[in-house]
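Results of the structural survey
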Amino acid sequence: MKITFFHVACLVVFCLLGDSQGGSLRKNFYRKTCPQAEQIVQTKIQQHVSTRPELPAKLIRMHFHDCFVRGCDGSVLLNSTSNNQAEKDAIPNLSLSGFDVIDDIKEAVEAKCPGVVSCADIVALAARDAFNKPMWEVLTGRRDGTVSLIGDVLANIPAPFFNFTQLKQSFANKKLTVHDLVVLSGGHTIGIGHCNLFSNRLFNFTGKGDQDPSLNPTYAAFLKTKCQGLSDTTTAVDMDPNSSENFDSDYYSILLQNKGLFQSDAALLTTKESKNIVKELVKQNKFFTEFAQSMKRMGAIEVLSGSAGEIRRKCSVVNS
């Protein structure tokens, strides 16, 4: 299967650089302390992706889930302990994978430069370098957090059934604009969505056994041939039925045909402001340019720097 960019399994979310957010990140942060760091990450991730083409999706999703909860601090990588349930064990994170890849990269970097490169930076670099043609810049200098709480996840990650008001508020909480919301939702141009995350739109939208009237009827009929019902948690379908293996602007074209898979996709058409942005992003070059900028901003959410946090020796546990 040809993968020109990446699969994305759920919403991608994001944030604008605030005055105190991301200001400490810079190009080539490890130029003097570990000059080979970024090359090691790139080489390692490309080796993994060559045999596991689903990894780009896994890693971009991991990056999002890390950044949107407690900022981009590697907290999503921490394992639960006997006295603390970590982010990993929250329902939205149970389907995350690729932790083994991050651990492998970390081991290689540690062998070259012990205690220098953060797990948070590795996650950000790996998400970018997993693609055939990286499209955004990754500034480095993040430090790793020491706190990971299961309760933080549902409180911070927008759900695929959110309406526009809920989405906008979630993003506003992270200093995210509506423009970034629409741009980064374009990640759904490739990848899959599981039936249980949208089947209410097919079988029981208002609790009366009805169908979401905003969903294209022909598309809904097709989806009903795939999903077995509200309790179907195993079946998955392409989020972009037209070009599911290509990262392009087709997501916006199908959205305007009312073929957005999730309720949160359809929500982008419910206000004039967001719908106008959707129309602009149908132009592929415009989408690529804006996506790169929004991904860079997402990677700067509430980063730790200076003496905050630590540089973990192992990504799944805090230093003792």
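See the structure printed just above.
Here's a quick rundown of the structure. (Residues numbered from 1 in each chain as written. Predicted model: local features only at pLDDT ≥ 70, side-chain atom pairs only at ≥ 80, totals over all residues. Heavy atoms only, no water.)

What to know about helix α1 (residues 37-51)
Counted at 1.5 Å a residue, the expected span for α1 with its 15 residues is 21 Å, and the 22 Å between its end C-alpha atoms agrees. Those residues of α1 lying buried are A37, I40, V41, I45, H48 and V49. Looking down the long axis of α1, one finds its buried residues gathered within 150 degrees of arc, a one-sided arrangement. Exposed and oriented more than 90 degrees from the buried face of α1 are S50 and T51. (Helix = DSSP H or I, 4+ residues; strand = E, 2+ residues; numbered from the N terminus. Expected span 1.5 Å × (residues − 1). Buried < 20%, exposed > 50% of the residue type's maximum accessible area, 1.4 Å probe, protein only. Arc of directions from axis to C-beta.)

Considering the packing of helix α3 (residues 99-112) against helix α4 (residues 119-129)
Where α3 contacts α4, the two axes come as close as 10 Å, and the packing angle between them is 115 degrees. For the pair α3 and α4, the crossing hand works out as right-handed. Contacts from I102, I105 and K106 in α3 reach C119, I122, V123 and A126 in α4. Across the contact of α3 with α4, the residue classes break down as 6 nonpolar, no polar and 1 charged. (Axes fitted to C-alpha atoms, helices over the stretch in contact; angles between N-to-C directions. Left-handed = near helix turned anticlockwise from the far one by under 90°. Contact = heavy atoms within 4.5 Å. Nonpolar A, V, L, I, M, F, W, Y, C, P; charged D, E, K, R; others polar.)

What about the side chain of D66?
As for its placement among the helices and strands, D66 is situated in helix α2 (residues 55-68). Salt bridges are absent for the buried D66, whose nearest opposite-charge side chain, R312, sits at 6.6 Å. Dropping the residues within four chain positions of it, D66 is found in contact with G71, C72, D73, G74, S75 and V76. (Lys, Arg positive; Asp, Glu negative; His and termini not counted. Salt bridge = Lys/Arg side-chain N within 4 Å of Asp/Glu carboxyl O.)

Quick look at the nonpolar core
Judged by nonpolar contacts, the single largest core of 73 residues is most densely connected at L77 and I102. Ignoring anything within four residues of it in the chain, the contact list for I102 reads L59, M62, L77, I122, V123, A126 and C315. Core analysis: the next-biggest nonpolar cluster, separate from the first, contains 12 residues, C195, L202, A220 and L261 among them. (Core = buried A, V, L, I, M, F, W, Y, C linked by side-chain atoms within 4.5 Å.)

As for the packing of aromatic side chains
Scanning all chains against the criterion turns up 12 aromatic pairs. Aromatic pair F64 and F68: ring centres 5.8 Å apart, planes at 50 degrees, arrangement tilted. With F64 and F68 both in helix α2 and 4 residues apart, the pair spans about one turn of that helix. Both residues of the pair, F64 and F68, count as buried. Through pairs of rings, three or more aromatic residues link up here, namely F131, W136, Y251, Y252, F287, F288 and F291. Geometry around F99 places K88 over its ring, the cationic atom sitting 4.4 Å from the centre. The ring of F68 carries the charged tip of K174 above its face, separated from the ring centre by 5.6 Å. (Phe/Tyr/Trp six-rings, centres within 6.5 Å; stacked < 30°, edge-to-face > 60°. Lys NZ or Arg CZ within 6 Å of the ring centre and 35° of its normal.)

Section: the environment of N83
Summarising the element assignment, N83 is placed in the loop between α2 and α3. Separated by 16 residues in the primary sequence, N83 and F99 place their C-alpha atoms 22 Å from one another. A distance of 2.9 Å separates the side chain of N83 from the side chain of T81, its partner in a polar contact. (Polar contact = N/O pair within 3.5 Å; in protein donor to acceptor, adjacent residues only side chain to side chain.)

Interpretation note: all reported values are geometric properties and have no functional meaning in isolation.
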